[in-house]
Amino acid sequence: MTALHIPEAAAPAVKASLQLWHQMMEAHDLGRLREIAHPEAVFRSPMAHNAYASADALVLALSNVIEVFEDFTYHRSFVSDDGLDVVLEFSATVDGRSLKGIDMIRFDADGLIRDFEVMVRPMSGLQALGARMAARVGGSLPAFKAKA
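A quick note: this is a predicted structure, and the numbers were derived from the prediction, not measured.

1. Structural notes on the packing of aromatic side chains
Applying the stated criterion to the full structure yields eight aromatic pairs. Arranged with centres 5.6 Å apart and planes meeting at 55°, the rings of Trp21 and Phe116 form a pair that is tilted. Here Trp21, found in helix α1 (residues 12-27), pairs with Phe116, found in strand β6 (residues 113-121); they are 95 residues apart in sequence, far enough to count as distant. Summarising the burial analysis for this pair, Trp21 and Phe116 share the class buried. Here the aromatic cluster, defined as three or more aromatic residues joined through ring pairs, consists of Trp21, Phe43, Tyr52 and Phe116.

2. Points about the sheet that holds strand β2 (residues 52-53)
The strand order across the open sheet built from six strands is β2-β1-β6-β5-β4-β3, with neighbouring strands paired in mixed fashion. Taken across any chain shown, the strands that pair with only one partner, and hence form the sheet edges, are β2 and β3 (70-79). Alignment of strand β1 (residues 37-44) against β2, held across two bridges, turns out to be antiparallel. From the neighbouring strand, Val42 faces β2, where its bridge partner is Ala53. Packing against the sheet, helix α3 (residues 123-137) makes contact with β3, β4 (85-94), β5 (97-107) and β6, and its axis sits at approximately 75° to β5.

3. Focus: the packing of helix α2 (residues 55-68) against α3
The contact between α2 and α3 brings their axes to 10 Å, and the two run at 125°. One element, α2, and the other, α3, form an angle in the oblique class. With respect to the hand of their crossing, α2 and α3 are arranged in right-handed fashion. Taken together, the residues of α3 that come into contact with α2 (itself represented by Leu60, Ala61, Asn64, Val65, Glu67 and Val68) are Leu129, Arg132, Met133, Arg136 and Val137. For the contact of α2 with α3, a count of residues per class yields seven nonpolar, one polar and three charged.

4. A look at the pattern of salt bridges
Using the criterion set out here, one finds ten salt bridges in the structure. Arg114 is paired through a salt bridge with Glu40; the nearest N and O atoms lie 4.0 Å apart. Here Arg114, found in strand β6, pairs with Glu40, found in strand β1; they are 74 residues apart in sequence, far enough to count as distant. Arg114 gets classed as partly exposed once you look at its relative accessible area, which sits at 31%. A network of salt bridges, in which partner residues are shared, links Arg76, Glu89 and Lys100.

5. Some words on the nonpolar core
Nonpolar side chains in soluble globular proteins generally cluster together in the buried interior. Among the nonpolar cores identified, the biggest contains 48 residues, and Trp21, Leu33, Leu58, Leu62, Phe69, Phe116 and Leu129 are the most heavily contacted of them. Looking at this core, the elements that each hand over two or more residues are α1, β1, α2, β3, β4, β5, β6 and α3. Tallying contributions element by element places α2 first for this core, with nine residues. When neighbours within four sequence positions are excluded, Phe116 is seen to be in contact with Trp21, Val42, Phe43, Arg44, Leu58, Leu62, Asp103, Met104 and Ile105.

Calculation criteria
Residues numbered from 1 in each chain as written. Predicted model: local features only at pLDDT ≥ 70, side-chain atom pairs only at ≥ 80, totals over all residues. Heavy atoms only, no water. Phe/Tyr/Trp six-rings, centres within 6.5 Å; stacked < 30°, edge-to-face > 60°. Helix = DSSP H or I, 4+ residues; strand = E, 2+ residues; numbered from the N terminus. Buried < 20%, exposed > 50% of the residue type's maximum accessible area, 1.4 Å probe, protein only. Pairing = 2+ DSSP bridges. Contact = heavy atoms within 4.5 Å. Axes fitted to C-alpha atoms, helices over the stretch in contact; angles between N-to-C directions. Parallel < 35°, antiparallel > 145°, perpendicular 65-115°, else oblique. Left-handed = near helix turned anticlockwise from the far one by under 90°. Nonpolar A, V, L, I, M, F, W, Y, C, P; charged D, E, K, R; others polar. Salt bridge = Lys/Arg side-chain N within 4 Å of Asp/Glu carboxyl O. Core = buried A, V, L, I, M, F, W, Y, C linked by side-chain atoms within 4.5 Å.

The structure is reproduced here in structure tokens:
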């Protein structure tokens with residue numbers, strides 16, 4: 001994995017959380033994710049219409065996807081004018097299928113993740129990711145579906 005520059009325009013607390021995020025991704029260990037996840041965080045999967053609510057859902061999904069991705073690399077980052085929204089562009093492989101994606105992360109002023117949305121393309125990569133994630137968390141993640 002390539003180390004990613006922390007955007008200068010990010011809010012100070014967001015920079016600290018992104019630093020930890022990149023350390024965890026580099027180590028392939030999201031064991032400290034709860035430290036930067038708000039208890040009411042929302043996770044938005046590229047495979048599901050409705051979001052998943054709570055830090056538990058976020059930790060479950062991301063801790064498993066890191067095990068599914070091969071050759072994961074971040075390429076670019078973008079930050080909003082207020083310094084609280086960050087977009088991280090990545091590439092990876094799942095079962096021989098290449099994919100590109102973005103993590104759109106909304107932090108609060110304390111640097112805690114409030115919303116984490118993943119978008120992935122092309123369809124073949126998304127389908128491979130969905131199949132692998134369904135096998136890993138398909139029985140437990142639906143319990144966290146947010147109420148519409």
